[in-house]
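Secondary and tertiary structure notes
For reference, the chains in residue letters:
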Amino acid sequence: MTSLKRILKYLLGLFFVTAGLNHFISADFYLKIMPPYLLGRLFLVYLSGFFAMVLGVSVVIPKFTRFSAWGLIALLIAVFPANIHMSINPELYPEYHPAVLWLRLPLQVGLIAWAYWYTGTDAEKKPLRDVAGP
């Protein structure tokens, strides 16, 4: 794994640990952005925060990186409806410009891509084989 990829993996982990902690510190914010059709919303806020922290820590542990990266992708997909809810209901969030709410959607896709980068094997350490043979 290159130094840049390793540094970015630690940043990814730190991002999710911080975001997870924020679910407990600012639970009211997360409750506000959740679609109203979801049941047990406070529980879901805490659950997603818990998993964000656990996966954020474990993604930097080489033994758990691949599994944790897939977990982060699943988590990001699970919370995507909240971002959609914000985007299509900008009147509920007057403190944010509607463009900012829409920009959250591709940001989420970018986070998924960032996590996906850590789901594969580290091909850089595998020797190249001569396909043509001896």
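The rules behind the values
Residues numbered from 1 in each chain as written. Predicted model: local features only at pLDDT ≥ 70, side-chain atom pairs only at ≥ 80, totals over all residues. Heavy atoms only, no water. Patch = residues over 30% accessible without salt bridge, like charges linked within 9 Å, V, L, I, M, F, W, Y side chains within 5 Å. Areas by Shrake-Rupley, 256 points an atom, 1.4 Å probe, with all protein chains shown as cover. Salt bridge = Lys/Arg side-chain N within 4 Å of Asp/Glu carboxyl O. Helix = DSSP H or I, 4+ residues; strand = E, 2+ residues; numbered from the N terminus. Axes fitted to C-alpha atoms, helices over the stretch in contact; angles between N-to-C directions. Parallel < 35°, antiparallel > 145°, perpendicular 65-115°, else oblique. Left-handed = near helix turned anticlockwise from the far one by under 90°. Contact = heavy atoms within 4.5 Å. Nonpolar A, V, L, I, M, F, W, Y, C, P; charged D, E, K, R; others polar. Expected span 1.5 Å × (residues − 1). Buried < 20%, exposed > 50% of the residue type's maximum accessible area, 1.4 Å probe, protein only. Core = buried A, V, L, I, M, F, W, Y, C linked by side-chain atoms within 4.5 Å.

Topic: a nonpolar patch on the surface
- Together, Phe-24, Leu-42, Phe-43, Tyr-46, Leu-47, Phe-50, Phe-51 and Val-54 make up an exposed nonpolar region whose accessible area comes to about 710 Å².
- Ranked by residue count, the leading element in the nonpolar patch is helix H3 (residues 41-58), at 7 residues.
- Along the chain, Phe-24 falls in helix H1 (residues 3-25).

Examining the packing of H3 against helix H4 (residues 65-88)
- Where H3 contacts H4, the two axes come as close as 9 Å, and the packing angle between them is 150°. One element, H3, and the other, H4, form an angle in the roughly antiparallel class. Pair H3 / H4 crosses with left-handed handedness. Within the contact between the two elements, H3 uses Ser-48, Phe-51, Ala-52, Leu-55, Gly-56 and Ser-58 and H4 uses Thr-65, Ser-68, Gly-71, Leu-72, Leu-75 and Val-79.
- Split by residue class, the contact of H3 with H4 holds 6 nonpolar, 6 polar and no charged.

Considerations on the packing of H1 against H3
- Contact geometry of H1 with H3 gives a least axis separation of 7 Å together with a crossing angle of 155°. Judged by the inter-axis angle, H1 sits roughly antiparallel to H3. Of the two elements, H1 crosses H3, and the hand of that crossing is left-handed. Along its contact with H1, which presents Gly-13, Phe-16, Val-17, Gly-20, Leu-21, His-23 and Phe-24, the element H3 presents Val-45, Tyr-46, Ser-48, Gly-49, Phe-50, Ala-52, Met-53, Gly-56 and Val-57.

Comments concerning H3
- For H3, with 18 residues, the first-to-last C-alpha span of 25 Å sits near the 26 Å given by 1.5 Å per residue.
- Every buried residue of H3 is accounted for by Val-45, Ser-48, Gly-49, Ala-52, Met-53, Leu-55, Gly-56 and Ser-58.
- Buried residues belonging to H3 abut H1, helix H2 (27-33) and H4.

Regarding the nonpolar core
- Within the largest apolar cluster, 14 residues are counted, with the highest numbers of intra-cluster contacts made by Leu-12, Phe-16, Val-59, Leu-72 and Ala-115.
- If you list the elements that add at least two residues to this core, you get H1, H3, H4 and helix H5 (98-116).
- Top element by residues in this core is H4. It accounts for 5 residues.
- Counting residues in each nonpolar core, the second largest holds 10 residues, with Val-45, Ala-82, Met-86 and Leu-101 among its members.

So, the environment of Gly-13
- In this structure, Gly-13 sits in helix H1.
- Relative accessible area serves as the criterion here: at 4%, Gly-13 is assigned to the buried category.
- Considered as a pair, Gly-13 and Val-60 are 47 residues apart in the sequence and their alpha carbons are 6.4 Å apart.
- The contacts of Gly-13, once residues within four sequence positions are left out, are Gly-56, Val-59 and Val-60.

Just distances and angles here, no functional claims.
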